[in-house]
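Overview (structure and organization)
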Amino acid sequence: MRYLVRSVPQEVADEVRRTRRAPDYGHPAHLELASGTGPCRCCLRPFAPGREQRLLFTFRPRADDGSLMAPGPVFIHADHCDAYAGEGFPDALRDLPLAFEARSSGSRVTALLAGAGVPAETQMSTLFASDQVRWLHLRHAEAGCFIARIERAA
Ligand SMILES: [Zn+2]
C-alpha cells in the first residue's frame with residue numbers, strides 16, 4: 001500500500017510567515033528559537049534546537065465531511081521552507097515518538113497506535129486494514145500535537 005503524508009499546506013504556512021497571525025483565529029503567532037526538534041509541520045523536518053527560529057500558531061486540520069476538527073498548536077520554520085510533498089513516509093520523522101490515530105466517518109477516532117520501534121509502514125498498514133478507516137492523524141506521542149494527515153495513495 002502507498003501513502004500520502006501531508007501537513008500544514010504551503011499557502012497556510014506562507015500566510016502565517018507573512019501576517020504573523022494564526023489563520024482563522026487571528027491571534028499573534030509566537031516567534032522563538034527552537035528549543036526542541038518539533039518537527040516543522042510544513043517541511044516535516046526536525047528543527048535544529050538553539051539554531052533555527054520557529055513560529056507557533058493554532059492550526060485546525062481539515063475534515064472531509066464538514067465535521068468539527070479540534071484545533072491545536074503547531075510549529076513551523078520561521079523562514080521559508082517547502083511543504084512536504086514527497087512520496088511515502090518522511091524519513092525525517094522516523095526517529096521521533098509518533099502516534100497514529102485512525103479516523104473514520106464523522107472524524108471519529110477508532111484506533112490509536114504508538115508502537116515505539118515499530119516501523120511507520122507497519123502501523124499505517126495495520127490501521128488501514130480496516131475499511132472503516134478513512135485517514136490517519138499522525139501525532140507527536142509525547143506532546144500530542146498534530147503532525148500530519150495520512151491517506152491511502154490512489
Ligand atoms: Zn520547515
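The following paragraphs examine the structure supplied in this document.

Reading the values: rules and limits
Throughout this document, residue positions are counted from 1 along each chain, in the order its sequence is written. Restriction of local features to residues with pLDDT of at least 70 applies here, the model being predicted, together with a cutoff of 80 or more for giving and counting side-chain atom pairs; totals for whole chains, interfaces and linings are based on all residues. Each side-chain value is worked out from all heavy atoms of the structure, with water and hydrogens disregarded. Only strands joined by at least two bridges in the DSSP assignment are considered to pair. Under the scheme used here, helices are H or I runs from DSSP no shorter than 4 residues and strands are E runs no shorter than 2 residues, and both carry numbers assigned from the N terminus. Axis definition: a line fit to C-alpha positions, over the contact stretch in the case of helices; interaxial angles, taken between N-to-C directions, run 0 to 180 degrees. Burial classes: relative accessible area under 20% of the type maximum marks a residue as buried, over 50% as exposed, and values in between as partly exposed (1.4 Å probe, protein chains only). Listed donor atoms are N, O and S within 2.8 Å of the metal (Na, K and Ca: 3.2 Å). As water is not included, a site may look incomplete. Think of it this way: with four donors and all angles in the 85 to 135 degree range, the site is tetrahedral; with four or six donors, opposite ones beyond 155 degrees and the rest between 65 and 115, it is square planar or octahedral; otherwise it is irregular.

Next up on the list: the sheet that holds strand E7 (residues 135–140). Spatially, the 5 strands line up as an open sheet ordered E1-E8-E7-E5-E6, and their pairing is antiparallel. Either end of the sheet is taken by a strand with one partner, and the two such strands are strand E1 (3–6) and strand E6 (109–113). Neighbour-to-neighbour, the strand axes of the sheet open up by a mean angle of 25°, direction not taken into account.

This part is about the pairing of strand E5 (residues 98–103). With 6 of its 6 residues buried, E5 lies for the most part within the structure. Because side chains alternate across E5, one face comprises the buried residues Leu98, Phe100 and Ala102, and the other comprises Ala99, Glu101 and Arg103, equally buried. One ladder, built from 6 bridges, connects E5 with E7; its direction is antiparallel. Note on E7: the bridge partner recorded for Glu101 is His137. With 4 bridges connecting them, E5 and E6 associate as antiparallel partners. Following the sheet pairing, Phe100 is matched in E6 by Leu113. Hairpin connection from E5 to E6: 5 residues lie between these consecutive antiparallel strands, with Gly106 at a positive phi of about 75°.

Moving on to the coordination of the zinc ion. On the protein side, the zinc ion has Cys40 (SG), Cys43 (SG), His77 (ND1) and Cys81 (SG) as donor atoms, found 2.0 to 2.4 Å from it. Taken together, the 4 donor atoms surrounding the zinc ion define angles of 102 to 120° at the centre, an arrangement classified as tetrahedral. Mapped onto the sequence, the residues coordinating the zinc ion show the spacing C-x2-C-x33-H-x3-C. With Cys40 in the loop between strand E2 (30–33) and strand E3 (53–59) and His77 in strand E4 (residues 72–77), this pair connects stretches of sequence that are 37 residues apart. Its relative accessible area of 0% is what places Cys40 among the buried residues. For His77, a relative accessible area of 7% corresponds to the buried category.

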